[in-house]
Amino acid sequence: MRRLPIFLMVDVSESMVGENLYKLEEGIGAVVSTLRKDPYALETAYLSVIVFAGKAKTIIPLTELIAFHPPELPVGGGTALGAALEHLMNDIDRTVHSSTPDRKGDWRPIVFLLTDGAPTDDVSRAVERWNRSYRSRVNLVAVSIGGGADHGVLKRLTEEVMVFNDAAPDAFARFIRWISMSIQSQSRSVSAGQDGKLSLAKPEDGLMAPVEKAGGLAPFSGIDDRFAVFVGKCAKTRLPYVVKFERHLGRFDTRDPALAKLLETRSYVLNTAVPVKNSYFDLTQSSDAAHAVSSDQLIGQPTCPHCAAQFGMAVCRCGGIHCLEGEGERTCPWCGNSGVYGSSAAGAGFDIGRGRG
Ligand SMILES: [Zn+2]
Ligand SMILES: [Zn+2]
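Residues numbered from 1 in each chain as written. Chains lettered and ligands numbered in written order. Predicted model: local features only at pLDDT ≥ 70, side-chain atom pairs only at ≥ 80, totals over all residues.

Student: Help me out: how do you make sense of the overall build of the chain in this one?
Tutor: Regarding its fold elements, the chain presents seven helices and 17 strands. By residue count, 41% of the 357 residues in the chain fall in the buried class. Counting contacts in the chain only where the partners sit at least 6 residues apart, residues at least 24 apart contribute 71% of the total. (Helix = DSSP H or I, 4+ residues; strand = E, 2+ residues; numbered from the N terminus. Buried ≥ 20, exposed ≤ 12 C-beta atoms within 10 Å, placed from the backbone. Contact = placed C-beta atoms within 7 Å.)

Student: I tried to follow the sheet that holds strand S3 (residues 56–64) on my own but got confused; where do I start?
Tutor: Consider a sheet: its strands pair through backbone hydrogen bonds, and that pairing is either parallel or antiparallel. Read across the sheet, seven strands follow the order S3-S2-S1-S4-S5-S6-S7 without closing on themselves; strand pairing throughout is mixed. Lying at the two open borders of the sheet, with one neighbouring strand each, are S3 and strand S7 (208–210). Ignoring which end each strand starts from, the neighbouring axes of this sheet average 20° apart. Where strand S1 (residues 4–11) and strand S2 (residues 45–52) come together, eight bridges link them in parallel fashion. Bridging from a neighbouring strand, Leu8 pairs with Val49 of S2. Helix H6 (residues 171–191) rests against S1, S2, strand S4 (110–115), strand S6 (161–164) and S7 of the sheet, and its axis sits at about 160° to S1. (Pairing = 2+ DSSP bridges. Axes fitted to C-alpha atoms, helices over the stretch in contact; angles between N-to-C directions.)

Student: How should I be thinking about the pairing of strand S16 (residues 338–341) in this particular structure?
Tutor: Across a regular strand the side chains alternate sides, sitting on one face of the sheet and then on the other. Relative to S16, strand S15 (residues 328–331) runs antiparallel, the two being bridged by four bridges. Within the sheet, the bridge partner assigned to Glu329 lies in S16 and is Val340.

Student: It is not clear to me how the packing of helix H1 (residues 19–36) against H6 should be interpreted in this structure. Could you clarify?
Tutor: When two helices pack together, you describe them by how their axes are tilted relative to each other and by the distance separating the axes. Between H1 and H6, the least distance of the axes is 9 Å, while the angle of their chain directions is 35°. Both H1 and H6 take part in a crossing whose hand is right-handed. Here Lys23, Gly27, Ala30, Val31, Thr34 and Leu35 of H1 lie close against H6, whose contacting residues are Phe172, Ile176, Ile179, Ser180, Ile183 and Gln184. Considered class by class, the residues forming the contact of H1 with H6 number seven nonpolar, four polar and one charged. (Left-handed = near helix turned anticlockwise from the far one by under 90°. Nonpolar A, V, L, I, M, F, W, Y, C, P; charged D, E, K, R; others polar.)

Student: Just to check I follow, could you spell out the confidence of the model for the chain for this structure?
Tutor: Put simply, the chain has an average pLDDT of 85, and 85% of its residues get 70 or more. Counted against residues more than four places away or in other chains, residues 216–222, with its pLDDT under 50, gives nine contacts. (pLDDT = per-residue confidence, 0-100.)

Student: Sorry if this is basic, but what is going on with the nonpolar core here?
Tutor: A general trend in soluble globular proteins is that nonpolar side chains are found buried together. Formed by 92 residues in total, the largest nonpolar core has its most connected members in Met9 and Phe52. Residues in contact with Met9, not counting those within four places in the same chain, are Ile50, Phe52, Ala84, Leu88, Val111, Phe112, Leu113 and Leu114. (Core = buried A, V, L, I, M, F, W, Y, C linked by C-beta atoms within 7 Å.)

Student: Whenever I open this one, the pairing of S1 confuses me. Can you help?
Tutor: Among the eight residues that make up S1, eight are buried, leaving the element largely enclosed by the rest of the structure. The two faces of S1 match: Leu4, Ile6, Leu8 and Val10 on one face and Pro5, Phe7, Met9 and Asp11 on the other face are all buried. In this structure, S1 lies alongside S4, joined through five bridges in parallel fashion. Directly across from Met9, in S4, lies its bridge partner Leu113.

Student: Looking at this structure, I do not really get the sheet that holds strand S10 (residues 268–275). What am I missing?
Tutor: As summarised here, the arrangement of the six strands in space is S12-S10-S9-S8-S14-S13, forming an open sheet in which the pairing is mixed. With one partner strand each, in any of the chains shown, strand S12 (298–299) and strand S13 (311–315) form the two edges of the open sheet. Relative to S10, strand S9 (residues 240–247) is paired through seven bridges, and the arrangement is antiparallel. Bridge pairing in S10 links Lys244 to Thr272.

Student: So what exactly am I meant to see when it comes to H1 here?
Tutor: Structurally, the α-helix is built with 3.6 residues per turn, so residues lying three or four positions apart point the same way. With 18 residues, H1 extends 26 Å from end C-alpha to end C-alpha; this agrees with the ideal 26 Å at 1.5 Å per step. Listing the buried residues of H1 in full gives Asn20, Leu21, Leu24, Gly27, Val31 and Leu35. Projected down its long axis, H1 carries its buried residues within an arc of 105°, all on one side. As for H1, its buried residues are in contact with S1, helix H2 (39–44), S2, strand S5 (139–145) and H6. (Expected span 1.5 Å × (residues − 1). Arc of directions from axis to C-beta.)

Student: Sorry if this is basic, but what is going on with helix H3 (residues 81–95) here?
Tutor: For H3, which comprises 15 residues, the first-to-last C-alpha distance of 21 Å matches the rise-based estimate of 21 Å (1.5 Å per residue) to within 8%. Every buried residue of H3 is listed here: Leu81, Gly82, Ala83, Ala84, Leu85, His87, Leu88, Asp91 and Ile92. In this fold, the buried residues of H3 make contact with S1, S2, S3, S4, helix H4 (124–133) and helix H5 (151–155).

Student: Looking at this structure, I do not really get the packing of H3 against H4. What am I missing?
Tutor: Packing of H3 against H4 leaves a shortest axis separation of 8 Å and a crossing angle of 30°. Of the two possible hands of crossing, H3 and H4 adopt the one that is left-handed. Contacts from Gly82, Leu85, Glu86 and Met89 in H3 reach Arg125, Ala126, Arg129 and Trp130 in H4. Partitioning the contact of H3 with H4 into residue classes produces four nonpolar, one polar and three charged.

Student: Sorry, what's going on with the environment of Val163 here?
Tutor: Tracing the chain through its elements places Val163 in strand S6. The exposure class of Val163 is buried, given the 20 C-beta atoms found within 10 Å. Considered as a pair, Val163 and Asp116 are 47 residues apart in the sequence and their alpha carbons are 9.7 Å apart. Non-local contacts of Val163, meaning those with residues more than four positions away in its chain, are made with Ser144, Gly147, Met208, Ala209 and Val211.

Okay, here's the thing in structure tokens:
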């Protein structure tokens, strides 16, 4: 039987943490239940889920729809798109059947690459390998979630680069429908024996916009600057959590000119703090470069998402971030040393090691 292999390659970097990741998780379930009701898709479509952050991992290998159980999406640090592409190409080599003189191979694979950030690794070798050996035989659709991806890099991989407006009403539900419809139409085409270029479903107004052409490459900076992301450990449970601050673009809406002036500086506002599992460390590249922001630039203090302690951003002398209930002596869950904690005086900023987004 000729399969229609579909790879969902999902960015699970820290910047996706929170609502977007939950909605994508639900969305994968919705794609599968829609496709199961479609006799053409049910017959041909096989689905795989690859996640990537600082590293890439196949969490579901190509699986027929009837046996597919939607996965829980893990979280990691970084957006190593180059490593993710290499992983995808190796997976394609290993799992997609090519045609032989005695046997027809699989239909042309479809890849939906969903990402919301600029790569934190060097993609040039992977891009070159992709264009040399895969581009002509794989349908790749790159989706920039919220427009935050590096469109220049994506345009080097495929013509089909779409910006997904994740702030639109019901955005994720409609986006998932668009993916399902695109897969359904392709499974109809292949059932009729046409193994061609994917024709994407027409997206609803205001939801998706194609990137026609992108300018020059953004210089490789190795860090996603829209968010300041920190990894803490709960002092009680020792489990990790991710604290995400979002860069405040533009001015705060205030009538107080002094306050406005103060807040005009480059600051980050608390977005969310979510518990993660120890698998976080499996998907995170041990970072050699230190990226730091000063605590002065951070607005808002989260509670610990594991134990609800009041301060989620206490910093040990070792640099480790952990939760804290109040002032006094505590043991750091990172280094095991005990120390006495007080609140830092206003203006006395200290640097905090920062995830790569
Ligand atoms: Zn805690
Ligand atoms: Zn410590």
